[in-house]
Amino acid sequence: METTPNQPRTILSAMQPSGGMTLGNYLGAMKNWAIMSQTDNCYYAVADLHALTVRQNPAELRRNIRNLAAMILACGVNPERATLFIQSQVPEHSVLAWLLTCHTYMGELSRMTQFKDKSAKQENINAGLFTYPSLMAADILLYNANGVPVGADQKQHVELARDIAIRFNNAYGETFAVPEPFIPKYGARIMSLQDPTKKMSKSDENPNAYISMTDDNDTVARKIKRAVTDSDGVIEFDPEHRPGVSNLLTIYAACKGQSAVDAAAEFAGQGYGQLKQAVTDAVQSALAPVQAEYARLLADKEHLNALLRSGAEKASAAGRRTLRKVYRKLGLDM
Ligand code: TYM
């Protein structure tokens, strides 16, 4: 599906409710979600079905789902334009996922780097962990999304969704829009504060490795103060040779909406102490309005629940239209 610049695009993205949102999620994806929700037709999901690929505590999962929905809105997603919903409340996702799984090769799924990483780390290597990308393809293709705002680690999955869409269209005639990933220039891969060769992740066992969107000012200051830097005291944007300092520059730049190279020039000749103080200020200023709005939204659970209910109804109606078409093409009746 082609779009002209005047025509709003259809956007889909999703985030797993596995613990709180991190600064990495925010800078890599959520900032773009918020920007796009001002002009485009956006579908944003809390990807709770994806979270089940890891064993969850049910009471905690229920809480995390609501909290993530509130956090998405607190980050500036426009509820007037965007359809925000909980993935498991729109069963069309699971149905399309099966139909697409039957059009996805074992070899393709085996090549996914995230599957390789996760299956090396966790003991519970369930089949869902392996077929996870076809559920993600279903999330995207169900709404004929043109664009998918994500961080760099999801690029391979979006490319697989493209391949599946093209394969299906070739076999059965034009059915799905072929989606494109939207990845920010700076912030697409925020690294761990403790090991800047690893991605910042909420599942890190060391809480000093990540900044949570709900961290208070003192916690932010402490974590950035302890962040691993390089040994020679030089401030330069060079992710390969100076991963620690480059990560701090990226965080600073992404919070301020500028380039990391420009940020490096701003700190030329200064020490790591000054850089860390500036990064702390930038992160605290980015988090303050989000945290205030988050508290406000959580205090009005009824409003949030109503919004999620109507989001699921809207998403389900749109998903059903696509599913009906897919059924027909495959020789199935609804
Ligand atoms: P998830 O929940 O792991 O992450 C949500 C979003 O945050 C981005 N992200 C990061 N960006 C920069 N630096 C980091 N350290 C960092 N960590 C995470 C991710 O790239 C992602 O955009 N499978 C997806 C959820 C999903 C989805 C979808 C995404 C389910 N269905 C359909 C897009 C379209 C995931 O696990 O993201």
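Above this text you will find the structure in question.
Thresholds, definitions, all that
- Residues numbered from 1 in each chain as written.
- Predicted model: local features only at pLDDT ≥ 70, side-chain atom pairs only at ≥ 80, totals over all residues.
- Heavy atoms only, no water.
- Helix = DSSP H or I, 4+ residues; strand = E, 2+ residues; numbered from the N terminus.
- Rg over C-alpha atoms; globule rule 2.2 N^0.38 Å.
- Buried < 20%, exposed > 50% of the residue type's maximum accessible area, 1.4 Å probe, protein only.
- Contact = heavy atoms within 4.5 Å.
- Near = heavy atom within 4 Å.
- Polar contact = N/O pair within 3.5 Å; in protein donor to acceptor, adjacent residues only side chain to side chain.
- Areas by Shrake-Rupley, 256 points an atom, 1.4 Å probe, with all protein chains shown as cover.
- Phe/Tyr/Trp six-rings, centres within 6.5 Å; stacked < 30°, edge-to-face > 60°.
- Expected span 1.5 Å × (residues − 1).

### Some details on the overall build of the chain
Point 1. Regarding its fold elements, the chain presents 13 helices and five strands.
Point 2. A compact globule built from 334 residues would reach a C-alpha radius of gyration of about 20 Å, and the chain, at 20 Å, matches this within 12%.
Point 3. Within the span of the chain, comprising 334 residues, buried residues form 52% of the whole.
Point 4. Of the contacts made within the chain by residues no fewer than 6 positions apart, 74% connect residues no fewer than 24 positions apart.

### Notes on the site of the ligand
Point 1. Taken together, 26 residues are adjacent to the ligand, and Q16, Y132, D139, D153 and I190 come closest.
Point 2. One of the side-chain nitrogen or oxygen atoms of Q16 is found 2.7 Å away from an oxygen atom of the ligand.
Point 3. Interatomic distance of 2.9 Å between a backbone N/O atom of G151 and an oxygen atom of the ligand.
Point 4. When the ligand sits alone it has 710 Å² of accessible area, and the protein chains cover 97% of it.

### Structural notes on the packing of aromatic side chains
Point 1. Overall, the coordinates contain eight aromatic pairs when judged by the stated rule.
Point 2. Here Y43 and Y143 contribute two aromatic rings whose centre-to-centre distance is 4.3 Å and whose plane-to-plane angle is 20 degrees, an arrangement assigned as stacked. Here Y143 lies in the loop between α7 (127-141) and β4 (147-149) and Y43 lies in strand β2 (residues 41-46), a separation of 100 residues in the sequence. Grouping residues by exposure puts Y43 and Y143 together as buried.

### Points about helix α3 (residues 58-74)
Point 1. Between the first and last C-alpha of α3 there are 24 Å, a value that for 17 residues agrees with the 24 Å anticipated at 1.5 Å per step.
Point 2. Inspection of α3 places L61, N64, I65, L68, A69, A70, M71, I72, L73 and A74 among the buried residues, and these make up the whole buried set.
Point 3. For α3, the N-terminal capping position is held by N57, with its side-chain oxygen 3.0 Å away from the main-chain nitrogen of A59.
Point 4. G76, located one to two residues past α3, shows a positive phi value of around 110 degrees.

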